[in-house]
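Observations on the model geometry
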Amino acid sequence: MTNVSIIGIGQTEVREHWDTSLRHLAWYAIEAALDDAITTDIDAIYVGNMLAGSLSRQDHLGALIADFAGMRGREAITVEAADASGAAALRQAVLAIQSGLVQTALVVGVEKMTDQTGSAIGHALATTLDQDYEAVQGATPAALAALMMRRYLHTYGLQLADFAGFSINAHRNAAHNPYALFRHPLPPERFAAGTLVAAPVTLFDQAPLADGAAAVIVTHSERAMDMSPHPVRIAGSALATDTLALHDRRDILWLAAAAESAQKAMRHAGITPAGIHLFELHDAYTILAALSLEACGFAPPGQGWQLARDGQIGLDGRIPISTFGGLKARGHAGGATGVYQIVELARQLRGEAGECQVPGARVGLAQSLGGSGGTAVTHVLTIDNFQPPFSAQADRF
Amino acid sequence: MEVSRHWRLRTQRYSLVGEICPNCGVKLFPPRDVCLECEAPAKELFTFTGLGEVYSYTTIYDAPAGFERYVPYTVALVKLAEGPLVTAQLTDVAAEDVQMGMPVEMVTRKLTEDGPEGMIVYGYKFRPISLTA
Ligand SMILES: [Zn+2]
């Protein structure tokens, strides 16, 4: 099977870009990725976006962005999977290159949250839930996270404060990331006094939504050496789904799609959780960070939170997470978030992460969730010449 | 205005009509036509009793458009006596009095409205059973 490598990365700051439109945001990330890759030879564009139709009244982003980026005529489409849209767009690019029909693909995740405010954003976000049976009851993404978190606290006899380590770690790492929304530390006593969003979830459990765009350029690994001084290999790639509605799950504390896609991607890469050096996970809520660690095999059910308590998620811990701040402190740019994770992992594996660097990082995992876990996309990235401990197995459908 | 959308769901919203799988016997709410457990066709209707207990709950302070005026309100996962979980607001109970495992029953209430002149959407909510004992 064709191997796929990343040859260019680019990102904008995650913040409230009042002065920048959706198309400009996307272009700034694309421009940076094209510069990084030293190529303009793009065959196909995959746009990851969650809410442009609702928030900016702008759909049809494939044609819009191809045109605006000076790539008129190229194959270009939007991929939507709630907040996993960006990662799902990368997945489509990987499949296109593995098919042999596309040589070089551009993936851009872009989200323009601040064309609307407050409850209008909440209304748009609720479209990612089951509209007939969740959103109609006034449920929100935060409410679903809260339903999971309350059940988790009840089942394992825990308190909200037991999740503090996730947000404190994210803020600590974001302090060194110039692209991050929040670059200040979060003291433990402030975590305990967070404003309630959907009890027990507070503002300090929840990732802040903001504008942003991130882009990666991918091609065949054999060509990658000529197009980048430091290509990063996509050694595993998988997307899985679960029931859209939380109430339809067999176990609301088990992220089945996260587990399935992680197992597939790791098998594809010939790696197990023990061989992963860092993990960019979907910490839209602290409970999702804990459940993701459990679903991906880094902790048994009910014990994911202990990795945060014991300092095992820091840059020098057993499994560093949110190394540039994660969704919680770098900021959550909706459908761009999954591409930010890939850009950050690539910087880690190139050894270009500066103060955020995980020492000796050669294998990284990125996982992006849509909503409460209805979609999960997992990628394993490695340095270019990495030899996996187990034989790699291709996806079979 | 989404009149037909809400009208279509009237038997679910007002009477908790779901389905039962003729193959494995599992009861389904919401109805889905293909069994969640065994993936066999499941189109036989089944009306739930509306009795259940609180499986998890959250009180919402940051509401989407259409729900701001009700803040704070409590949304629960109710485990119906017949098996499935349903997402629904709790009513006739203060947020601080809600407990895990609390017995509840279905009632019909206003869910939201489409502005002061618009359609009012009614549907199921759940209230503590002890209130009616
Ligand atoms: Zn069945």
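Residues numbered from 1 in each chain as written. Chains lettered and ligands numbered in written order. Predicted model: local features only at pLDDT ≥ 70, side-chain atom pairs only at ≥ 80, totals over all residues. Heavy atoms only, no water.

Remarks on the overall build of chain A
On a plain count of helices and strands, chain A comes out with 14 helices and eleven strands. Computed over the C-alpha atoms, the radius of gyration of chain A is 19 Å, within 12% of the 21 Å expected from 2.2 N^0.38 for a compact globule of 397 residues. Counting only C-alpha atoms and orienting by the principal axes, one finds that chain A spans roughly 55 × 50 × 40 Å. Split into buried and exposed, the 397 residues of chain A put 64% on the buried side. When contacts within chain A are restricted to residue pairs at least 6 apart in sequence, long-range pairs at least 24 apart make up 78% of them. (Helix = DSSP H or I, 4+ residues; strand = E, 2+ residues; numbered from the N terminus. Rg over C-alpha atoms; globule rule 2.2 N^0.38 Å. Buried < 20%, exposed > 50% of the residue type's maximum accessible area, 1.4 Å probe, protein only. Contact = heavy atoms within 4.5 Å.)

Some thoughts on the nonpolar core
Residue and element names in this part refer to chain A. If you look at the biggest cluster of nonpolar residues, it comprises 77 residues, and the most contacted ones within it are Phe 166 and Leu 293. Residue contributions to this core peak at ten residues, all from helix α6 (residues 141–156). For Phe 166, the contacting residues outside a window of four places in its chain are Thr 286, Ala 289, Ala 290, Leu 293, Gly 304, Trp 305, Ala 308, Ile 313 and Ile 321. Membership of the second largest hydrophobic core comes to 42 residues, among which are Ala 214, Ile 234, Ala 346 and Val 358. (Core = buried A, V, L, I, M, F, W, Y, C linked by side-chain atoms within 4.5 Å.)

Concerning the environment of Thr 117 of chain A
Checked against the element boundaries, Thr 117 of chain A lands in the loop between β4 (104–111) and α5 (118–125). With 62 residues separating them along the chain, Thr 117 of chain A and Leu 55 of chain A place their C-alpha atoms 9.2 Å apart.

Here we look at the sheet that holds strand β5 (residues 44–47) of chain B
Residue and element names in this part refer to chain B. Overall, antiparallel pairing links the three strands, which are arranged β2-β1-β5 in an open sheet. The open sheet terminates on both sides in strands that have one partner only, identified here as β2 (27–28) and β5. Pairing analysis gives two bridges linking strand β1 (residues 17–20) to β2, with the strands arranged antiparallel. What sits directly across from Glu 19, in β2, is Leu 28. (Pairing = 2+ DSSP bridges.)

Some points on the side chain of His 379 of chain A
Residues and elements named next belong to chain A. As for its position among the elements, His 379 is in strand β11 (residues 375–383). At 3.0 Å, the side chain of His 379 and the side chain of Ser 237 are in polar contact. Excluding its chain neighbours within four sequence positions, the residues that come into contact with His 379 are Ala 87, Leu 90, Arg 91, Val 94, Ile 234, Gly 236, Ser 237, Ile 342, Gly 364, Leu 365 and Ala 366. (Polar contact = N/O pair within 3.5 Å; in protein donor to acceptor, adjacent residues only side chain to side chain.)

Considerations on the interface of chain A and chain B
Each side of the interface is counted separately: chain A has 29 residues, and chain B has 37 residues. Seen at the junction of chain A and chain B, the total is three salt bridges. In this assembly, chain A and chain B are joined by 19 residue pairs in polar contact (both at pLDDT 80 or more). Elements supplying a minimum of two residues to the side of chain A that touches chain B: α5, α6 and β5 (196–199) of chain A. When residues in the side of chain A that touches chain B are grouped by element, the largest group, six residues, is from α6 of chain A. Taken together, the residues that form the side of chain A that touches chain B break down as 13 nonpolar, ten polar and six charged. Strand direction decides the pairing type here: β5 of chain A and strand β6 (residues 51–60) of chain B, joined by two bridges, are antiparallel. Its bridge partner lying in β6 of chain B, Ala 199 of chain A is registered against Thr 59 of chain B. (Salt bridge = Lys/Arg side-chain N within 4 Å of Asp/Glu carboxyl O. Nonpolar A, V, L, I, M, F, W, Y, C, P; charged D, E, K, R; others polar.)

Looking at the domain arrangement of chain A
All names here are of chain A. We note that the domain assignment places domain 1 (4–117 + 210–234) and domain 2 (120–206 + 236–383) within chain A. One C-alpha centre belongs to domain 1, the other to domain 2; they are set 22 Å apart. Taken together, the contacts link 48 residues of domain 1 with 45 residues of domain 2. Summed over both partners, the interface of domain 1 with domain 2 buries about 3500 Å², with 66% contributed by carbon and sulfur atoms. Per-residue buried area on domain 1 facing domain 2 is highest for Gln 11, Val 14 and Asp 83; these three make up 21% of the total on that side. At the junction of domain 1 with domain 2, the criterion picks out two salt bridges. One salt bridge in this structure joins Asp 36 and Arg 350, with 2.5 Å as the shortest N-O distance. Run the count over domain 1 and domain 2 and you get 18 residue pairs in polar contact (both at pLDDT 80 or more). Put simply, the parts of the chain that give the side of domain 1 that touches domain 2 at least two residues each are β1 (4–11), α2 (52–55), α4 (85–99), β4, β7 (212–220) and β8 (232–241). Looking at the side of domain 1 that touches domain 2, the element that brings in the most residues is α4, giving eight residues. Split into classes, the residues belonging to the side of domain 1 that touches domain 2 amount to 25 nonpolar, 15 polar and eight charged. (Domains from an automatic or database assignment. Buried area = accessible area lost by both parts, 1.4 Å probe.)

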